[in-house]
There are 2 protein chains.
Amino acid sequence: MTLQLEKATTEQLRDWETSLSQEYQAYKASGLNLDLTRGKPSAEQLSLSDSINQILGDDLSNESNTDLRNYGGLDGIPECKRLFAEVLDVNPDETLIGGNSSLTLMYMAAQFSLHQGFGELADSWSSEGGTVKFLAPVPGYDRHFSVCEHLGIELVTVDLNDNGPDMDAVEQLIKNDSSIKGIWCVPRFSNPTGTVYSDEVVDRIAQLGKIASSNFRVFWDNAYAVHSLNEDAPKLASLMDSCRKHGTEDSVYLFGSTSKITYAGAGVSFAGMSKANLKAFTHHLGMSQIGPDKINQLRHVRLLKDADGIAEHMRQHAAVLKPRFDIVLKHLREGLGDTGMASWTEPQGGYFVSFDTLPGLAKDVVKLAAEAGVKLTPAGATFPYGKDPANSNIRIAPSVPSLDEIDRAMAVFVTCVKLASVRQRIG
Amino acid sequence: MTLQLEKATTEQLRDWETSLSQEYQAYKASGLNLDLTRGKPSAEQLSLSDSINQILGDDLSNESNTDLRNYGGLDGIPECKRLFAEVLDVNPDETLIGGNSSLTLMYMAAQFSLHQGFGELADSWSSEGGTVKFLAPVPGYDRHFSVCEHLGIELVTVDLNDNGPDMDAVEQLIKNDSSIKGIWCVPRFSNPTGTVYSDEVVDRIAQLGKIASSNFRVFWDNAYAVHSLNEDAPKLASLMDSCRKHGTEDSVYLFGSTSKITYAGAGVSFAGMSKANLKAFTHHLGMSQIGPDKINQLRHVRLLKDADGIAEHMRQHAAVLKPRFDIVLKHLREGLGDTGMASWTEPQGGYFVSFDTLPGLAKDVVKLAAEAGVKLTPAGATFPYGKDPANSNIRIAPSVPSLDEIDRAMAVFVTCVKLASVRQRIG
């Protein structure tokens, strides 16, 4: 029997509260220890790349015949640039390969932009004095927000709609406030909603460079560029192609990594940007290092080979991930569908399901679940400064637990949502 | 016949100028293409570590039984911390393992200190307003200077004496100017002089924390900690032990890497600092990354094993490097000894010989050599802003060329020094 919150009488609500409380207490007594917090690959996924550790053998031969063991090569080896240029949909000469963390590339890009500027293109953000602001489509990725918080950049939220950020709001804010110097975007399978930006939104983002100041940059974190759960998942338009059309190539920084393709801790990161941006960026980067690990770049080229190799590799990831998402969604549909208690996204890629309780209940649900042994990402984590104004968003991350663990955890989760919702309704 | 500049008559000088010019022209005509600029390991040295590429096999087992393939572990794996704590002469719980570049750790340390501060220990340098200054013992390492230049930190030079920096000057400057927030040190086999700081100097540096402000930090780049050319090379006292004695543990950051132990481009870096500093540093570092490449850390532990393993490995490096230094010094002694034209260091470790022409001649010598096909590090590179006030210091880096190439290059170099000196004397 579906529990429809809006139509229930007070008596029905009280009955439900009683039975849900019993259900909840039973879970609590069963001593669960489950975790739906971690946006990282499972051991099974990591094992898909295990041949990478022996893949070089004695053969370090490479396209440029350079000694990859030695210093040098700030922008990466050519074959690796070509491989990941395709992932970012930019040209190889617009590509830079970094170390094992795209977050580091983003952090450095923000820090150089803030303090050191853009070479011949534009002055640093801090040179203008006063507050520097970034737009943050919400819900979003806490690590993006913490980069800004750490650098003293203020975050201004805009809504993330089903087709991407609310572009009317984005354009209006940029037009009215020249202290807005950037926007965070996870354009395909957004963290946590799974949103894929529509072609129209991508094109409007490419045009921001026409209305923003010359030192405005789109931070395009294409972390899940090739991470679809099924073959017919929506494609993403090429941001750089749109920029070329509009003459705004200098207004965007694109990022990605193999953290969720090969090894989360020992992959390679990459960035895409105009040649003018690349020149300024590598100059700054060269002050902080002699060059990235080129041996690990070669390992990645040998393992993944080309775009087809990446696609085939990602199909194996999807085969591991898809059943996990299916269980999450089955519980949500069967337990909460038509109850009027919640809404959620049904992503076709990425690592998360974004879940919304009724306003004001996210913290309660996370607390109830924790007390019953199911760990969830803290409520508010998907908003800047950890503050979800509606207190309703919860990020569900099903990649790490086993199918059985997800099954048990989601049963608890659904009960917690129902219990919190009914209790709120009773008042 | 030794050409003694001071004692030569004008006629002798003219004769020498004529014959040296002929010698120089002969070199110039022979179409040499030699390079003494690069402070990096040779292919022969890199090959000493080639087993590292296959050393893991299928076995990623490690002390903590963590999955090294995944995210996490900002400070490195325990066995790697223990291994390199010995190199820095600190405790394992005072050690952090980074990515492939200690320059990055130093850059980040300077950038966090400048903008974000030291957690509960002290406020950031920039919070005090005004200029931030660093002491730079000279001649020194251009990459240190460029970190400061990039971050807008002013460099104040002090002399590097035979036993380390001129500590009277260092102490006086720090006492009189609270805007001095750091000092660059390469304490064993300094770049470029090969100086090993004496025990007394190490102890005085450990005491700087008593006279400097709470946010002053010694940047102790122990890049050549284990890089001696012979077994009886001078040892370095433990800075952290001295700090413990004086209660100044928070005033020092120690750095090192395997760039010149294993692979220059694919090694691991490490830092040593008090637990309080480490807490603040890892907090800041965690804003820019999820963690370093732990798989590469395990490779290094498997290859080098322990302090004895490192020592044995470095003996193999010394066997490759020592003959190169010997040729350089042979040419200098035989060609320029007792001529009154030059002085140079005779390092017992590291990567460089530091050479001083008569005042005003370094640029001329570098230019003459370049025109004869022998590339040298630009004169001035060992001083902040590329300006050697005496225009006399030249860094000779013999690690990369073959023995024969060094032999030929040094013959040219000696001729260039003689020619420039004689011409200057003639006026």
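Residues numbered from 1 in each chain as written. Chains lettered and ligands numbered in written order. Predicted model: local features only at pLDDT ≥ 70, side-chain atom pairs only at ≥ 80, totals over all residues. Heavy atoms only, no water.

### Some words on the nonpolar core
Core analysis: the largest hydrophobic core is formed by 106 residues, its most contacted members being F84, I205 and W220 of chain A together with F84, I205 and W220 of chain B. With residues up to four places along the chain from it excluded, the contact list for W220 of chain A reads C185, P187, Y197, V202, I205, L236, L239, Y253, L254 and F255 of chain A. Ranked by size, the runner-up nonpolar core spans 68 residues in total, among them V138, F255 and L278 of chain A together with I153 of chain B. (Core = buried A, V, L, I, M, F, W, Y, C linked by side-chain atoms within 4.5 Å. Buried < 20%, exposed > 50% of the residue type's maximum accessible area, 1.4 Å probe, protein only. Contact = heavy atoms within 4.5 Å.)

### Structural notes on the interface of chain A and chain B
Counting from both sides, the interface comprises 52 residues of chain A and, opposite them, 52 residues of chain B. For chain A, the biggest contributors to the area lost against chain B are R69, Y71 and H150 of chain A; these three give 19% of the whole. Viewed at the interface, chain B and chain A are joined by two salt bridges. Two residues, D50 of chain A and R69 of chain B, come together in a salt bridge whose shortest N-O distance is 3.0 Å. Along the contact surface separating chain A from chain B lie 28 residue pairs in polar contact (both at pLDDT 80 or more). Secondary structure elements with two or more residues in the side of chain A that touches chain B: α2 (43-47), α4 (102-115), α5 (142-151) and α11 (294-304) of chain A. Considering each element in turn, the side of chain A that touches chain B owes the most residues, seven residues, to α4 of chain A. Tallied by class, residues from the side of chain A that touches chain B come to 20 nonpolar, 22 polar and ten charged. (Buried area = accessible area lost by both parts, 1.4 Å probe. Salt bridge = Lys/Arg side-chain N within 4 Å of Asp/Glu carboxyl O. Polar contact = N/O pair within 3.5 Å; in protein donor to acceptor, adjacent residues only side chain to side chain. Helix = DSSP H or I, 4+ residues; strand = E, 2+ residues; numbered from the N terminus. Nonpolar A, V, L, I, M, F, W, Y, C, P; charged D, E, K, R; others polar.)

### Some thoughts on the sheet that holds strand β11 (residues 353-357) of chain A
All names here are of chain A. Reading across from one edge, β10-β11-β13 is the order of the three strands in this open sheet, with antiparallel pairing throughout. Every other strand in the sheet has two partners, leaving β10 (342-344) and β13 (393-396) as the edge strands with one partner each. Strand-to-strand twist in this sheet, taken as the mean axis angle between neighbours without regard to direction, amounts to 25 degrees. Of the strand pairs in this sheet, β11 and β13 are connected by four bridges, and their pairing is antiparallel. Across the sheet, S354 pairs through a bridge with R395, a residue of β13. Contacts between helix α12 (residues 307-336) and the sheet are confined to β10, β11 and β13, with β11 contributing the most and set at about 20 degrees to the helix. (Pairing = 2+ DSSP bridges. Axes fitted to C-alpha atoms, helices over the stretch in contact; angles between N-to-C directions.)

### Observations concerning the packing of aromatic side chains
The tally for this structure, following the rule as stated, stands at 30 aromatic pairs over all chains. Between W125 of chain B and F134 of chain B, the ring centres sit 5.5 Å apart and the planes meet at 70 degrees, which makes this aromatic pair edge-to-face. W125 of chain B sits in the buried class, given a relative accessible area of 1%. Residue class for F134 of chain B comes out buried when judged on its relative accessible area of 0%. One residue, K260 of chain A, lies across the ring of Y351 of chain A, its end atom 5.3 Å from the ring centre. (Phe/Tyr/Trp six-rings, centres within 6.5 Å; stacked < 30°, edge-to-face > 60°. Lys NZ or Arg CZ within 6 Å of the ring centre and 35° of its normal.)

### Regarding α12 of chain A
Every α-helix winds through 3.6 residues per turn, so residues three or four apart in the chain are directed the same way. Residue and element names in this part refer to chain A. A bend of about 30 degrees at L321 is the largest found in α12, and the proline P323 appears one to four places after it. Put simply, D306 is the residue that caps the front of α12, since its side-chain oxygen is 3.2 Å from the backbone nitrogen of D308. Looking one or two places after α12, you find D338, whose phi comes out positive at around 60 degrees. (Bend = angle between axes of the 7 residues up to and from the residue.)

### A short note on helix α14 (residues 403-426) of chain B
Helix length check: α14 of chain B (24 residues) gives 35 Å between terminal C-alpha atoms against 34 Å at 1.5 Å per residue, within 8%. One or two residues past the end of α14 of chain B sits G427 of chain B, with phi positive at roughly 85 degrees. (Expected span 1.5 Å × (residues − 1).)

### A short note on the pattern of salt bridges
Per the stated rule, a full pass over the model turns up 49 salt bridges over all chains. In this structure, D75 of chain B and K81 of chain B form a salt bridge, with 2.8 Å as the shortest nitrogen-oxygen distance. A salt bridge links K322 of chain B to D326 of chain B, with the nearest nitrogen and oxygen atoms 3.3 Å apart. Here K322 of chain B pairs with D326 of chain B, and both are found in helix α12 (residues 307-336), just four residues apart, close to one helical turn. Judged by its relative accessible area of 36%, D326 of chain B falls in the partly exposed class. Ionic contacts of the salt-bridge type, sharing partners, join the residues D168, E171, E200 and R204 of chain A into one network.

### Comments concerning the domain arrangement of chain A
One frequent convention defines the size of an interface as the accessible area lost when the parts assemble. Residues and elements named next belong to chain A. What the domain assignment reports for chain A is domain 1 (5-45 + 312-426) and domain 2 (62-305). A separation of 31 Å is found between the C-alpha centroids of domain 1 and domain 2. The interface is formed by 27 residues belonging to domain 1 together with 32 residues belonging to domain 2. Contact with domain 2 buries area across many residues of domain 1, yet M314, Q348 and Y385 alone supply 26% of it, more than any other trio. For the pair domain 1 and domain 2, the number of links is one salt bridge. Here R315 ties to E231 by a salt bridge, and the two come within 3.6 Å at their closest N and O atoms. At the surface where domain 1 touches domain 2, the tally comes to eleven residue pairs in polar contact (both at pLDDT 80 or more). Of all the elements in the fold, those that place two or more residues in the side of domain 1 that touches domain 2 are α12, β11 and β13. At eight residues, α12 tops the list of elements feeding residues into the side of domain 1 that touches domain 2. Looking at the side of domain 1 that touches domain 2 residue by residue, the class counts come to 13 nonpolar, ten polar and four charged. (Domains from an automatic or database assignment.)

### Some remarks on empty space enclosed by the protein
Evaluated as defined, the whole model comprises eleven cavities of 30 Å³ or more. Approximately 580 Å³ is the volume attributed to the largest cavity. Put simply, the parts of the chain that give the lining of the largest cavity at least two residues each are α4 of chain A together with α4 (102-115) of chain B. Considering only residue class, the lining of the largest cavity consists of 14 nonpolar, 21 polar and two charged. (1 Å grid on protein atoms, 1.4 Å probe; cavity = no way out; pocket = protein on both sides within 12 Å on 5 of 7 lines; lining within 4 Å. Points joined across faces, edges and corners; volume = space filled by probe spheres on them.)

### Notes on the pairing of strand β9 (residues 269-272) of chain A
Consecutive residues of a regular strand have side chains that alternate between opposite faces of the sheet. All names here are of chain A. By the alternation rule, side chains of β9 split into S269 and A271 and F270 and G272, which are all buried. Note: strand β2 (residues 95-97) against β9, three bridges, orientation antiparallel. Within β9, the residue paired with L96 across the bridge is A271. Here strand β8 (residues 252-257) pairs with β9 via four bridges, running antiparallel. Following the sheet pairing, S257 is matched in β9 by S269.

### Focus on the side chain of N62 of chain A
Residue and element names in this part refer to chain A. In this fold, N62 is placed in the loop between α2 and α3 (78-88). Looking at N62, the relative accessible area reads 9%, which means it is buried. One polar contact links the side chain of N62 to the main-chain carbonyl oxygen of L60, over a distance of 3.2 Å.

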